[in-house]
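Each chain is listed here by its residues.
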Number of protein chains: 2
Amino acid sequence: MDKPSLPSGTRDFAPAVMARRRFITGTIEGIYRLHGFAQLETPAMENLSVLLGKYGDEGDKLVFRILNSGDFLSDVPEQHRAAPEAKSLLPYVAAKGLRYDLTVPFARFVAMNRHLLHFPFRRYQIQPVWRADRPQKGRYREFWQCDADVIGTRSLMAEADLLLIMHEAFTALGLPDYRIRVSNRLILEAIAEHAGRPELFRAMVVAIDKWDKIGADGVKRELATAGFTEEESTRVLDCMQQNSIDAASLDELGQKLAAYPKALQGLDALRTILGSGIKANLILDTALARGLDYYTGCIFEAEIPDSGFGSVSSGGRYDDLTGVFGVKDLSGVGISFGIDRLYDVLEARAAFPAGLDMSTELLLCPMDDSCMNQCFNMAMELRRLGVSAEVYPDAAKLRKQLDHANQRNIPYAIIVGSEEMNSGIFPLKHLSKGSQEMLSLQDLYSRFRS
Amino acid sequence: MDKPSLPSGTRDFAPAVMARRRFITGTIEGIYRLHGFAQLETPAMENLSVLLGKYGDEGDKLVFRILNSGDFLSDVPEQHRAAPEAKSLLPYVAAKGLRYDLTVPFARFVAMNRHLLHFPFRRYQIQPVWRADRPQKGRYREFWQCDADVIGTRSLMAEADLLLIMHEAFTALGLPDYRIRVSNRLILEAIAEHAGRPELFRAMVVAIDKWDKIGADGVKRELATAGFTEEESTRVLDCMQQNSIDAASLDELGQKLAAYPKALQGLDALRTILGSGIKANLILDTALARGLDYYTGCIFEAEIPDSGFGSVSSGGRYDDLTGVFGVKDLSGVGISFGIDRLYDVLEARAAFPAGLDMSTELLLCPMDDSCMNQCFNMAMELRRLGVSAEVYPDAAKLRKQLDHANQRNIPYAIIVGSEEMNSGIFPLKHLSKGSQEMLSLQDLYSRFRS
């Protein structure tokens, strides 16, 4: 018999890992809910007509496709059957694929249900996504996204709300040194105009996006290759700014780009967000350039300094989420947390709170079969008090039962034997301390009530 | 542009539905956790070598297969390429499939991790599964299972614990009239011996399993077709019993089957479970016969009378969960709740608690842009008190903001204008009652603190 195995790039989440993952998702979800976001879930499978063409050619290749059921060749035209090739068969053998992100299914949902929704519509969604990427450290074929979007309003207060959520989430996760880099697509467009090469906007963005990796000289070389003259690229680099965002830094950039209304509009958006009074560790970073095919206004990207990991959360405003599904003019803004990346950061810092993986608080240890009834009754009462309690299922030797409690990180054990049942006094063992106290049932219950 | 659509048999869960689904899963999960079960999650994709051959030929056909990435024909042998047929290509074009249930992935997990686990191991798992079944009312291609298993003990106290969980879950869900039918495979084997046709055990089980649908006469006809004589089938029918389980009913059956040690062993198992003192609406039903390829001891099946739906939860003991993955002699017992079926039952009875879909408790209504700061600050303070609070993102007309609150079922709104900010007194509207009171910030916060 072959040893069973997991598909590469996928993982089991055993209880201890699961408890830590839930600390992350539960923390973020709790904050989303306090901010009035409502939960949506969409199916793992989507029609390929919904998925394809939304993520670029590379993305399309990474969509997992589900083989049609039954005779999956039945739709293949005759001319492709004689000398079958994967490429020519592909459009006919699979009509469904696995969710690649949460954004496209959300857009599809909004387009299909727009008459039932009340805008601004605030939804969150925490589900796995699948990509046929080459698995490597920190990159999985099944991983979790954790999105919140406000759709149907152009108000910048939606941006402010989402940045506040980022602040609250990182603080609650024990990562208060997070930084959120912010910018606005309009500022980038103005910089291209300022350099005199608006037609090279896209190439410029690709170059400055590498700022962190290749530095100013590297970006300059890339710009030259893209067709920028020395003087033009100097004008681009002159606008690169990475500093904490405040009235002064926004004014400084505003002076450089004063001739371009777009820039002033982009900077005003950032000023308005700051004016909401939200607290958050914001950095103005004009080299930030994420997903510009998609975002049209403010953009954000959060990272944990010195963690060795890149972005742990990101987002921005988009003006045409649902246009591709036939619904125009729905502006929205969204953020996403990468659960798997956050897990890795918290683990690398040993920053998970203690005690997360305790599944049982108290083990009831029956000393003989006649004590089972008593154990069940005590367990029921303890659960009514909210205590997670488990009855050891056999009247095994006490040492074996206590070993089990220790291995499972169960902090308390109560010994229930005939003697204890007669006296009405039960030994409560604190396994972590190695101590023990003798309690009546009443004392036991009041101990755990508090 | 084509209208976007969902793959047949799959569903979006919009916020109101999601809230109801979470009522079900959250209730059951809370009970699992209080009983000391720890959470496991496994990947959506499994290798087909793990999935196939575990669910019978019909099951194998219903597994969704994932097309291999890239050149999916590369492994197809030359002789199958000339005149390609789905059946001959199938083994070569897909190596992975979607999870079909939670049991086989759990068995795989236990087999792969047995040296890390402490037995008895108590795990729960709540995840979707996928089956390429023909969609119909109440049957979906993506649906949720909600399993708990205790593995690594033969103690019948594990059965008692799981039956107690069923009782607690149905009670908490507002379905206290549930019934759990119980039996034991050994009793069924003894009945076949009692009829003198142990070699027709399987056919007998298939026949009596239809008891509910075709009645005694129907079962008799089926038994005749299977080869039972009139006298033999009378002996089978004589042992059919459906009544509340107690010492008397067990003794009655025990007398009929006194000659068969297996029967006495099966009945003793039921007596031991009853002896644990657990409370649950149990029915002894000798016509119960679920998944006998799999279960080896006690079997359970729960239903809600007069609901028009069948089984909403089921389970039993198995002695060879992991044998197929090379790990022998791990006995276990498990139950599963069908979330989608429970949803349908609760909806048909209009038995969901009120207020589940309230995502925001309080809307802050800014009367002009200069009030946004104040709204954000008040919202932050209210969230600190655990109140889900949302700021309307524009200084729109009050009527529009209150309409939004009404449509979203937000019960409270606070009006924040310059006048209110000057006076320090804010109108709190109770939208459901149509009433309003004037509160200082301090009074507002203490109102929501309680």
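Residues numbered from 1 in each chain as written. Chains lettered and ligands numbered in written order. Predicted model: local features only at pLDDT ≥ 70, side-chain atom pairs only at ≥ 80, totals over all residues. Heavy atoms only, no water.

A. Highlighting the interface of chain B and chain A. Listed per partner, the contact involves 98 residues of chain B and 98 residues of chain A. Note on chain B versus chain A: buried area summed over both sides is about 8,100 Å², and carbon and sulfur give 63% of it. A per-residue breakdown of the area chain B buries against chain A is headed by Pro4, Leu34 and Phe376 of chain B, which together make up 8% of the total. Joining chain B to chain A, the criterion identifies 8 salt bridges. (Contact = heavy atoms within 4.5 Å. Buried area = accessible area lost by both parts, 1.4 Å probe. Salt bridge = Lys/Arg side-chain N within 4 Å of Asp/Glu carboxyl O.)

B. Representation of the sheet that holds strand 16 (residues 425-430) of chain A in the model. All names here are of chain A. In space, the 5 strands of this open sheet follow the order 14-13-15-16-17, with mixed pairing throughout. Pairing within the sheet leaves two strands with one partner each, and these edge strands are strand 14 (389-391) and strand 17 (435-440). The mean angle between the axes of side-by-side strands here comes to 25°, regardless of whether they run parallel or antiparallel. Relative to strand 15 (residues 412-416), strand 13 (residues 362-366) is paired through 5 bridges, and the arrangement is parallel. Each residue of the ladder has a partner; that of proline 366, found in strand 15, is valine 416. Set on the sheet, helix 15 (residues 398-407) makes contact with strand 13, strand 14, strand 15 and strand 16; between it and strand 13 the angle comes to about 165°. (Pairing = 2+ DSSP bridges. Helix = DSSP H or I, 4+ residues; strand = E, 2+ residues; numbered from the N terminus. Axes fitted to C-alpha atoms, helices over the stretch in contact; angles between N-to-C directions.)

C. Highlighting the domain arrangement of chain A. Its domain assignment divides chain A into domain 1 (15-348) and domain 2 (362-449). If you average the C-alpha positions of domain 1 of chain A and of domain 2 of chain A, the two centres end up 51 Å apart. (Domains from an automatic or database assignment.)

D. Main features of the pattern of salt bridges. Throughout the structure, instances matching the rule amount to 66 salt bridges over all chains. Among the ionic pairs, arginine 383 of chain B bridges to aspartate 161 of chain A, the shortest N-O distance being 3.9 Å. In this pair, arginine 383 of chain B sits in helix 14 (residues 372-384) while aspartate 161 of chain A sits in helix 6 (residues 157-172), so the two residues belong to two different chains. With respect to burial, arginine 383 of chain B and aspartate 161 of chain A carry one shared label: buried. Ionic pairing is found between aspartate 212 of chain B and arginine 181 of chain B, a salt bridge with its closest N-O pair at 3.7 Å. One end of the pair, aspartate 212 of chain B, is in helix 9 (residues 211-226); the other, arginine 181 of chain B, is in strand 7 (residues 179-184), with 31 residues separating them in the sequence. (Buried < 20%, exposed > 50% of the residue type's maximum accessible area, 1.4 Å probe, protein only.)

E. Examining the relation of the copies chain B and chain A more closely. By a simple turn and slide, chain B fits onto chain A: the slide is 0.0 Å along the axis, the RMSD is 0.0 Å, and the turn is 180°. One copy is carried onto the other by what is essentially a two-fold rotation axis. Of the C-alpha atoms belonging to chain B, the one lying closest to the rotation axis is found on isoleucine 66 of chain B, 2.3 Å away. A high fraction, 100%, of the interface residues of chain B reappear at the interface in chain A, so the copies pair face to face through one surface. (Least-squares fit on C-alpha atoms with pLDDT ≥ 70 in both.)

F. Representation of the sheet that holds strand 16 (residues 425-430) of chain B within the structure. Residue and element names in this part refer to chain B. If you trace the 5 strands from one edge of the open sheet to the other, you get 14-13-15-16-17, paired in mixed fashion. Of all strands in the sheet, those bounded by a partner on one side alone are strand 14 (389-391) and strand 17 (435-440). If you compare each strand with its neighbour and ignore which way they point, the axes differ by 25° on average. Direction of pairing for strand 13 (residues 362-366) relative to strand 14: parallel, over a ladder of 3 bridges. Note on strand 14: the bridge partner recorded for leucine 364 is valine 391. Helix 15 (residues 398-407) rests against strand 13, strand 14, strand 15 (412-416) and strand 16 of the sheet, and its axis sits at about 165° to strand 13.

G. Main features of the environment of valine 345 of chain A. Residues and elements named next belong to chain A. Residue position: valine 345 is located in helix 13 (residues 339-348). Taking the C-alpha atoms as reference, valine 345 lies 16 Å from alanine 19; in sequence the two are 326 residues apart. Excluding its chain neighbours within four sequence positions, the residues that come into contact with valine 345 are Leu175, Ile304, Ser307, Phe309 and Val312.

H. Spotlight on the packing of helix 11 (residues 247-256) of chain A against helix 12 (residues 261-275) of chain A. Residue and element names in this part refer to chain A. One can describe the packing of helix 11 onto helix 12 by two numbers: an axis separation of 10 Å at closest approach and a directional angle of 170°. With respect to helix 12, the axis of helix 11 lies roughly antiparallel. Contacts from Leu250, Asp251, Leu253 and Gly254 in helix 11 reach Leu264, Leu267, Leu270, Arg271 and Leu274 in helix 12. Class assignment of the residues belonging to the contact of helix 11 with helix 12 gives a composition of 6 nonpolar, 1 polar and 2 charged. (Parallel < 35°, antiparallel > 145°, perpendicular 65-115°, else oblique. Nonpolar A, V, L, I, M, F, W, Y, C, P; charged D, E, K, R; others polar.)

I. Representation of helix 8 (residues 201-208) of chain B within the structure. Residue and element names in this part refer to chain B. Within the span of helix 8, buried status applies to Phe201, Met204, Val205, Ala207 and Ile208. Along the long axis of helix 8, the arc covered by the buried residues comes to 160°, so they all point the same way. Where the residues of helix 8 are buried, they touch helix 7 (185-194), helix 9 and helix 10 (230-238). (Arc of directions from axis to C-beta.)

J. Main features of the packing of aromatic side chains. Considering all chains together, one arrives at 28 aromatic pairs over all chains under this definition. Aromatic pair tyrosine 55 of chain A and tyrosine 100 of chain A: ring centres 4.2 Å apart, planes at 35°, arrangement tilted. Note that tyrosine 55 of chain A is positioned in the loop between helix 2 (48-51) and helix 3 (56-62) and tyrosine 100 of chain A in the loop between strand 4 (94-98) and helix 5 (103-113), a separation of 45 residues in sequence. Note on accessibility: tyrosine 55 of chain A and tyrosine 100 of chain A belong to one class, buried. Seen in terms of ring centroids, tyrosine 412 of chain B and phenylalanine 448 of chain B are 5.3 Å apart; in terms of plane orientation they differ by 85°. Their pairing is edge-to-face. Note that tyrosine 412 of chain B is positioned in strand 15 and phenylalanine 448 of chain B in helix 17 (residues 441-449), a separation of 36 residues in sequence. (Phe/Tyr/Trp six-rings, centres within 6.5 Å; stacked < 30°, edge-to-face > 60°.)

K. Spatial organisation of the packing of helix 14 (residues 372-384) of chain A against helix 6 (residues 157-172) of chain B. Closest axis-to-axis distance for the helix 14 of chain A/helix 6 of chain B pair is 12 Å, and the angle between their directions is 35°. Between helix 14 of chain A and helix 6 of chain B lies a crossing whose hand is right-handed. Residues Met372, Phe376, Met380 and Arg383 of chain A of helix 14 of chain A pack against Met157, Ala160, Asp161, Leu164 and Glu168 of chain B of helix 6 of chain B. Taken together, the residues of the contact of helix 14 of chain A with helix 6 of chain B break down into 6 nonpolar, no polar and 3 charged. (Left-handed = near helix turned anticlockwise from the far one by under 90°.)

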